[in-house]
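Observations on the three-dimensional arrangement
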Amino acid sequence: MEKWLLMADLSTEKGVLEYLDLPDFRHMTKDKVMQFASVINEMNPEVAKEAIRQFPEFKSLLSQALTENRELAERSIESNDESMRECASASMRVFDGCDELLKNPDYTFEQKMQVIERMEMEREKMRAKDSENKKFILDSQKLLLAASGIVSVAAVVFLGGKFNLKLPSKS
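Residues numbered from 1 in each chain as written. Predicted model: local features only at pLDDT ≥ 70, side-chain atom pairs only at ≥ 80, totals over all residues. Heavy atoms only, no water.

**Looking at the overall build of the protein**
Assigned secondary structure in the protein consists of 6 helices and 0 strands. In sequence order, the secondary structure elements of the protein are arranged as α-α-α-α-α-α. A total of 171 residues make up the protein; the buried ones form 27% of that total. Here the protein has roughly 11400 Å² of accessible surface; of this, 56% comes from carbon and sulfur atoms. (Helix = DSSP H or I, 4+ residues; strand = E, 2+ residues; numbered from the N terminus. Buried < 20%, exposed > 50% of the residue type's maximum accessible area, 1.4 Å probe, protein only. Areas by Shrake-Rupley, 256 points an atom, 1.4 Å probe, with all protein chains shown as cover.)

**Describing unusual backbone geometry**
Even without a glycine there, the phi angle at D21 is positive, about 60°. Examined against the element boundaries, D21 turns out to sit in the loop between α2 (13-20) and α3 (30-38). Taking the relative accessible area as the measure of exposure, D21 reaches 65% and is therefore exposed.

**Structural notes on the packing of α2 against α3**
It is the contact of α2 with α3, at a shortest axis distance of 10 Å, that shows an interaxial angle of 125°. It follows that α2 is oblique to α3 by the angle criterion. Considering only the axes of α2 and α3, their crossing is right-handed. Side by side, α2 and α3 meet where V16, Y19 and L20 of the first sit next to K32, Q35 and F36 of the second. In terms of residue class, the contact of α2 with α3 is made up of 4 nonpolar, 1 polar and 1 charged. (Axes fitted to C-alpha atoms, helices over the stretch in contact; angles between N-to-C directions. Parallel < 35°, antiparallel > 145°, perpendicular 65-115°, else oblique. Left-handed = near helix turned anticlockwise from the far one by under 90°. Contact = heavy atoms within 4.5 Å. Nonpolar A, V, L, I, M, F, W, Y, C, P; charged D, E, K, R; others polar.)

Written out as structure tokens, the structure reads:
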């Protein structure tokens, strides 16, 4: 559990309102609904039910926020895919150019070694870009999984159950 969450008293309505920095639950925004939903499993279930009762738009606002987050993640992944295609294309042009230079019979051994070093540098850049891309995709999947978990927790608590979900950290 996060250190800042340990300091919050989520067992009372007043404590939850202080944690959310709200005067009352009717002032919830999409961001506050997401913040609320992410700690709902740490709250006293009666306090969570009362908060949701006071804020009838909770379900629709949470759904809207999650939909917007999912769409943002999808757009980010699409943009990332396009960026990766452009990088791969640029690298292929570099490799093609280097390949042509290596075929030149007038190049000395040293010049050919410089071309080979340039190709190796380009391959290393592509490896780094690929690793960055994989990390981005994994982080996006973690975010979507966390958002799905928030909805599950909110639904279970709203229906009167008890749920203990640990969300992935932002490391």
